[in-house]
Amino acid sequence: MSRIIVITSGKGGVGKTTTTANLGMALAKRGRQVAVVDADFGLRNLDLLLGLENRVVYTAVEVLAGECRLEQALVRDKRQQGLALLPAAQNRMKEAISPEQMRQLIQALAQKYQYVLVDSPAGIERGFQNAIAAAQEALIVTTPEIAAVRDADRVVGLLEACNVKRIHLILNRIRPAMVEANNMMSVKDVQEILAIPLIGVVPDDERVIVSTNRGEPLVLSDTPSLAGAAFDNIARRLEGEKVDFLDLNAAQATMFSRLRKLLTTKIL
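Fair warning: this is a prediction, and the values are worked out from it, not measured in the lab.

Strand order in the open sheet formed by 8 strands is E3-E4-E2-E5-E1-E6-E7-E8, and the pairing between neighbours is mixed. Looking at the sheet topology across the chains shown, the edges are occupied by strand E3 (75-76) and strand E8 (198-203). Bridge count between strand E1 (residues 3-8) and strand E6 (residues 137-142): 4 bridges; the pairing is parallel. Bridge pairing in E6 places Ile7 opposite Leu139.

Right, here's the structure in full:
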């Protein structure tokens, strides 16, 4: 049974595309057949974060226009054979495709893939309606900022109204030191506002920027990172595993300790 999951939030810039790329890759690493769909027509970025931008020939629009087959538009990742990308068109606006057309595309992918992850654009207009058209589940991505959380709360209500009942929260870019100093909302604060189950907490990590610029999702990196581990853990929880949440304060202290030891050794 295929699972169709939309990654959404309402607000732009909270990490939806980064989450989609890393979760798709993490699931593919686990041997799953995964299709990731860029639903942001006019402003596609998922191909860049996956490092597949130079291999895009056809997009979803050409598939719907009958100019190519769905298989021809899919870009398969050479690093993980189980992952395929259906890119959005950059030269068309969100109105170029209807929710019903999007539903047909997603359902066609669901016939062949175990997971279909849909990267939703910002906002709650036509692009959002397209992205959720076939969704059975949703992952709400938000940062611990009041504006982002408020937008996420609005999206939760819209999803429930559209009969998407299985909704989970991913809290992105959390900074334990700022939470400790009472300068940032805590995980508990965000959970109390949104009232949906938590499936992942991703710490703020500058390596996310490096990985996105290189088109190399963190979950593929040979160098361990807290953010990469967090995305891997989310994929495991999606698969039904019981995985403890990272103790970010302890993990960061351990990493700093290792770095200090390494530097001391080099100096000596």
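Now for the UniProt feature "binding site: ATP" (unreviewed entry) in the protein. Feature annotation in UniProt places "binding site: ATP" (unreviewed entry) on Lys11, Gly12, Gly13, Val14, Gly15, Lys16, Thr17 and Thr18, given in this structure's numbering. Overall, Gly12 belongs to the partly exposed group, its relative accessible area being 33%. Since its relative accessible area comes to 60%, Gly13 is described here as exposed.

The contact between helix H7 (residues 146-161) and helix H9 (residues 187-194) brings their axes to 10 Å, and the two run at 35°. The way H7 lies across H9 gives a crossing that is right-handed. When H7 is examined against H9, the residues Val149, Ala152 and Asp153 are found in contact with a partner set consisting of Val190, Ile193 and Leu194.

Moving on, we get to the pattern of salt bridges. Applying the stated criterion across every chain, the model contains 14 salt bridges. The residue Arg30 makes a salt bridge to Glu241 at a minimum N-O spacing of 2.5 Å. Here Glu241 lies in the loop between helix H11 (226-238) and helix H12 (248-267) and Arg30 lies in the loop between helix H1 (16-29) and strand E2 (34-38), a separation of 211 residues in the sequence. Across the salt bridge formed by Glu100 and Arg103, the nearest N and O atoms sit 2.4 Å from each other. Taken as a pair, Glu100 and Arg103 lie in helix H5 (residues 99-110) at a separation of 3 residues, close to a single helical turn. Residue class for Glu100 comes out partly exposed when judged on its relative accessible area of 40%. Several salt bridges converge on common partners, so that one network encompasses Arg30, Arg32, Arg236, Glu239 and Glu241.

About the criteria used
- Residues numbered from 1 in each chain as written.
- Predicted model: local features only at pLDDT ≥ 70, side-chain atom pairs only at ≥ 80, totals over all residues.
- Heavy atoms only, no water.
- Pairing = 2+ DSSP bridges.
- Helix = DSSP H or I, 4+ residues; strand = E, 2+ residues; numbered from the N terminus.
- UniProt positions renumbered as here; feature names shortened; annotations may be inferred.
- Buried < 20%, exposed > 50% of the residue type's maximum accessible area, 1.4 Å probe, protein only.
- Axes fitted to C-alpha atoms, helices over the stretch in contact; angles between N-to-C directions.
- Left-handed = near helix turned anticlockwise from the far one by under 90°.
- Contact = heavy atoms within 4.5 Å.
- Salt bridge = Lys/Arg side-chain N within 4 Å of Asp/Glu carboxyl O.

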